[in-house]
Amino acid sequence: MRPYRVKPYTVPSWIHRALLSLRPAERLPVSKWAEKWRVLPDTNAIPGPFRNSVTPYLAEIMDAFSNEDVERIVFVKPTQVGGTTALENMLASAIDQDPAPTMIVYPSKELAERTVEAKLEPMIRQCKPLAAKYREAESQKLKLKFETMFVFLSGANSPASLSSTPIRYLFLDEVDKFPGASKKEADPVSLAIERTKPYTTNRKIFMASTPTLKSGHIWKAKEEAEAEKHYFVPCPHCGEYIEFVFAQLKWPSKDNVPDSAERAEMAAYSCQACGAVITDQDKGKMLAAGRWQTVRQTAARPSSVAYWLNTLYSPFTRFSEIAKEFLRCKDDPELLQNF
């Protein structure tokens, strides 16, 4: 008897296309999503398509927003390292890939209004997925409407706006410039975080700021985080992974070069492992090969992670500029604190 053969069945192309349309969209990590869709405006230091290679240290910070284990991300940062761009990329990715009620809190209501006009609306218009979802006619100045979500914007100086609608995503920008608690209200950070309580199983809180005092919001958040990470880069001479620290930035003494501006222009970094000279030209490759290393951890699977970075890592700031600013500030206690 001849064996029975089942005739192979070919799925018609129209059924195949229909099934593909029902398949959930691919969920990209924030860093990959940003490279695919984000276009930086002409006002940016490097305008055009976003590239992780420019600020490679931001990739892990942004991708922590995509990590289901991480609820709270703390970024202790200087200026000129791309912190605002990272916040915008997280926000944009959430709007496109996993929409939910969102709030961004700035130090003041006036700054929130300026940011919408100068940064957020241009970002939305230049990004195809966001532009398609944006409902401009239904939006208000501090309440942006998208296809299936709202983005609320607030100033930390407006307590009433921080204590109403539940939100899943919370972004707190430059928290050390927020006003303190009053006799009638809790501090703005606590008020804003209260709004995320209905989403305690899947909320995301991103807090970023240049630090001021150890009693400031960002430093306290860093100390309370279950893990703290610093960025280490390989020395181009010895290969040892080092952390950039200000003490290793060297320039000639006043006795050898009297003019402070001239001395600053001669600043270079001295590797703490081998003593070799590292220049601005070395920084790009070092950043690209860098990695975040945990320097403190109190939980096996941290739900809150703090990232710490200083100005020496900025691809937009030369070593000589940092030296020049220090020499300008060193004799003034207030200026030196800010430095």
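What counts and how
- Residues numbered from 1 in each chain as written.
- Predicted model: local features only at pLDDT ≥ 70, side-chain atom pairs only at ≥ 80, totals over all residues.
- Heavy atoms only, no water.
- Helix = DSSP H or I, 4+ residues; strand = E, 2+ residues; numbered from the N terminus.
- Buried < 20%, exposed > 50% of the residue type's maximum accessible area, 1.4 Å probe, protein only.
- Areas by Shrake-Rupley, 256 points an atom, 1.4 Å probe, with all protein chains shown as cover.
- Lys, Arg positive; Asp, Glu negative; His and termini not counted.
- Charge placed at Lys NZ, Arg CZ, Asp CG, Glu CD.
- Arc of directions from axis to C-beta.
- Contact = heavy atoms within 4.5 Å.
- 1 Å grid on protein atoms, 1.4 Å probe; cavity = no way out; pocket = protein on both sides within 12 Å on 5 of 7 lines; lining within 4 Å.
- Points joined across faces, edges and corners; volume = space filled by probe spheres on them.
- Pairing = 2+ DSSP bridges.

Undergrad: Give me the overall build of the chain: which residues, what numbers.
TA: Regarding its fold elements, the chain presents 12 helices and 15 strands. In terms of overall dimensions, the chain has a C-alpha envelope of 100 × 70 × 45 Å along the principal axes. In the chain, which comprises 339 residues, the share counted as buried stands at 46%. Taken as a whole, the chain presents about 18,400 Å² of accessible surface, with 52% of it coming from carbon and sulfur. Distance from the positive charge centre (46 side chains) to the negative charge centre (41 side chains) of the chain: 8 Å.

Undergrad: Give me the environment of alanine 300: which residues, what numbers.
TA: On the secondary structure map, alanine 300 appears in the loop between β14 (291-297) and β15 (304-308). C-alpha separation for the pair alanine 300 and glutamate 226, spaced 74 residues apart in sequence, amounts to 8.9 Å.

Undergrad: I'd love a proper account of helix α10 (residues 280-288), names of residues and values included.
TA: Listed in full, the buried residues belonging to α10 are Lys283, Met286 and Leu287. Buried positions in α10, seen along its axis, are confined to an arc of 95° and lie on one side of it. Turned more than 90 degrees away from the buried face of α10 sit Gln281, Lys285 and Ala288, all of them exposed. Check the buried side of α10 and you find it contacts β9 (227-234), β13 (277-278) and α11 (319-329).

Undergrad: Summarise empty space enclosed by the protein; cite the residues concerned and give the values.
TA: Per the counting criterion, the structure on display carries 1 cavity of 30 Å³ or more. When its volume is computed, the largest cavity comes out at roughly 30 Å³. Every residue lining the largest cavity is listed: Leu91, Ile95, Leu120, Met123, Ile124, Leu144, Phe146 and Val151. Looking at the lining of the largest cavity, the elements with two or more residues in it are α4 (83-97), α5 (109-126) and β5 (143-146). Counting residues per element, the lining of the largest cavity draws most heavily on α5, which supplies 3 residues.

Undergrad: An account of the sheet that holds β13 is needed here, citing residue identities and associated values.
TA: Strand pairing within a sheet occurs via backbone hydrogen bonds; the two strands may be parallel or antiparallel. Pairing in this open sheet of 3 strands is antiparallel, and the strands run β11-β12-β13 from one edge to the other. The open sheet is flanked by β11 (249-250) and β13, the only strands paired with a single partner. Two elements, strand β12 (residues 268-270) and β13, share 2 bridges in a ladder whose sense is antiparallel. Paired with tyrosine 269 across the strands is isoleucine 278, a residue of β13.

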